[in-house]
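Structure at a glance
The lines below spell out each chain.
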Amino acid sequence: MGRVTVRQPVLRIREGQSSYRSDTLAAEEPLEIRVGGRALTVTMRTPGHDFDLALGFLVSEGVVCVEDQVSGVRYCPGATADSGNTYNIVDVDLAPGVAAPDASLERSFYTTSSCGLCGKASLDAVRTSARWSVSEDPVSVTPELLAALPDRLRAAQRVFDSTGGLHAAGLFTVDGELVCLREDVGRHNAVDKVVGHALRSKLLPLRETILMVSGRASFELVQKALMAGIPMLAAVSAPSSLAVDLAADNGLTLVGFLRGTSMNVYTATERLRQQRQSTR
């Protein structure tokens, strides 16, 4: 089975001195996601929590929204000469009566670990219709609580400590309690793994929760949060303009540049309590 990390010999140069040492790298392998035996997409990911990744992807694409819509998930024999199992193919069986994914969801080529939208068969399919509305979610937090989340996320990243090369997504309660954390080479994969865990745990929709991500806030991450019913998304880096537009249109609170006690709140700012207004 694929490993989360691999060891690689490297030539290390420090202050003019060189030596050969072994370095730990984050593993990256392809995962093919099938539904009912039919190939849907291939994504590059860090092995681990693959079932959560596949199910989270299906939630994000609007195929399923509750655990009862899935009858089974399994690894399939891989593309080896003896048809052995490479643990790089996951097949999801939908429950009777659940519609199979529309053909427009099929990706025409590999999705990379940095962009899950690449290869969309139709741009019209990008704005997936959310099952739940987050605009009326009563979530309310203080800036102080948000400021504590990046350190809590970082402290829970076990694989990052050894590789320095993984993104993380963490689901928090309004009290700052970490519900679930997943790491992956891809930001969107880490979020899908969190959402897939929530689906299997029968937690959807994720009312009154905060999704914290270690990188930037892209359109796709906002979309994934909306599809899971998450009302607040916080990122340590910048959001894109399309991410802000999507968040504003749907009443999701989007926070960027969350570093220390500083942050930018782009949309649905009323959810932050004890804000001191400034015109500067």
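Data block above holds the structure.
About the criteria used
Starting afresh in each chain, residues are numbered from 1 along the sequence in its written order. Totals for whole chains, interfaces and linings use all residues, but because this is a predicted model, local features are given only for residues with pLDDT of at least 70 and pairs of side-chain atoms are given and counted only at 80 or more. Only hydrogens and water are set aside when side-chain values are computed; all heavy atoms of the structure are taken into account. Helix and strand labels come from DSSP, where a helix needs a run of H or I of at least four residues and a strand needs a run of E of at least two; each type is numbered from the N terminus. Whether a residue is buried, partly exposed or exposed follows from its accessible area with a 1.4 Å probe, protein chains only, as a fraction of its type maximum: under 20%, in between, or over 50%, in that order. Contacts were defined at the residue level, with two residues in contact if any of their heavy atoms lie within 4.5 Å. Using a 1.4 Å probe, the Shrake-Rupley method yields the accessible areas, and only the shown protein chains count as cover for residues. Any two strands with at least two DSSP-identified bridges between them are counted as paired. Inter-axis angles, ranging from 0 to 180 degrees, are taken between N-to-C directions of lines fitted to C-alpha atoms, where helices are fitted over the stretch in contact. The definition of a nonpolar core used throughout is a set of buried Ala, Val, Leu, Ile, Met, Phe, Trp, Tyr and Cys residues joined through side-chain atoms within 4.5 Å. Positive residues here are Lys and Arg, negative ones are Asp and Glu, while His and the chain termini are left out of the count. In what follows, salt bridge is the name for a side-chain nitrogen of Lys or Arg lying within 4 Å of a carboxyl oxygen of Asp or Glu. Here a polar contact is recorded for every N or O atom pair within 3.5 Å, except that within protein the pair must consist of a potential hydrogen donor and a potential acceptor, and residues adjacent in sequence are included only if both atoms are side-chain atoms. When an angle is under 35 degrees it counts as roughly parallel; over 145 it counts as roughly antiparallel; between 65 and 115 it counts as roughly perpendicular; any other value is oblique. All amino acids are sorted into three groups, where Ala, Val, Leu, Ile, Met, Phe, Trp, Tyr, Cys and Pro are nonpolar, Asp, Glu, Lys and Arg are charged, and the leftover types, Gly among them, are polar. Note on aromatic pairs: the rings of Phe, Tyr and Trp (six-membered ring only in Trp) are paired at centre separations within 6.5 Å, and the planes decide the class, stacked below 30 degrees, edge-to-face beyond 60, tilted for the rest.

Quick word on the overall build of the protein
From N to C terminus, the protein includes six helices and twelve strands. Burial analysis of the protein (280 residues in total) assigns 49% to the buried set. Across the protein, every contact between residues at least 6 apart in sequence was considered, and the portion connecting residues at least 24 apart equals 52%. Just so you have it, the protein exposes about 13,400 Å², and 48% of that area is on carbon and sulfur atoms.

A look at the sheet that holds strand β11 (residues 253–259)
Taken together, six strands build an open sheet; the order of strands is β8-β7-β9-β10-β11-β12 and the sheet is mixed. Two strands close off the open sheet at either side, each with one partner strand: β8 (178–184) and β12 (262–265). Direction aside, the axes of adjacent strands within the sheet are offset by 20° on average. Where strand β9 (residues 209–213) lies against strand β10 (residues 232–235), four bridges are found, and the strand directions are parallel. Bridge assignment links M212 to a residue of β10, and that residue is A234. Docked against the sheet, helix α2 (residues 143–155) engages β7 (167–173), β8, β9, β10, β11 and β12, running at close to 50° with respect to β9.

Quick look at the nonpolar core
Judged by nonpolar contacts, the single largest core of 48 residues is most densely connected at L233 and L254. Beyond its immediate stretch of four places on either side in the chain, L233 contacts L211, V213, A217, L221, V222, L252, T253, L254 and V255. Counting 19 residues, the second-largest nonpolar core is a separate cluster that includes V141, L153, V255 and L272.

Structural notes on the side chain of D137
Note on placement: D137 falls in the loop between β6 (89–94) and α2. It turns out D137 is buried and unbridged, and the closest side chain with the opposite charge, R207, is 4.5 Å from it. Looking at D137, its side chain comes within polar contact range of the main-chain nitrogen of E208, at 3.1 Å. Setting aside its immediate chain neighbours within four residues, D137 contacts R207, E208, G229, P231 and R271.

Some remarks on the packing of helix α1 (residues 50–60) against helix α4 (residues 187–200)
As a packed pair, α1 and α4 sit with axes 6 Å apart at the nearest point and diverge in direction by 90°. In terms of axis orientation, α1 runs roughly perpendicular to α4. When α1 is examined against α4, the residues F51, D52, L53, L55, G56, F57, V59 and S60 are found in contact with a partner set consisting of N189, D192, K193, V195, G196, H197, L199 and R200. A class-by-class count of the residues in the contact of α1 with α4 yields seven nonpolar, five polar and four charged.

A word on the sheet that holds strand β3 (residues 29–35)
In spatial order, the strands read β4-β3-β6-β5; together these four strands make up an open sheet with mixed pairing. Each of the sheet's edge strands pairs with one partner strand only, and the pair in question is β4 (38–45) and β5 (70–75). The average undirected angle you get between the axes of adjacent strands in this sheet is 20°. Pairing analysis gives seven bridges linking β3 to β4, with the strands arranged antiparallel. Residue I33 lies in a different strand from β4, and its bridge partner there is T41.

Focus: the packing of aromatic side chains
Summed over all chains, the structure comprises two aromatic pairs. Geometrically, the ring pair formed by F51 and Y75 is tilted, given 4.9 Å between the ring centres and 40° between the ring planes. Placement of F51 in helix α1 and of Y75 in strand β5 is noted, with a sequence separation of 24 residues between them. Within the aromatic cluster, the residues linked to one another by ring pairs are F51, Y75 and Y87.

Geometric values such as these leave the question of function open.
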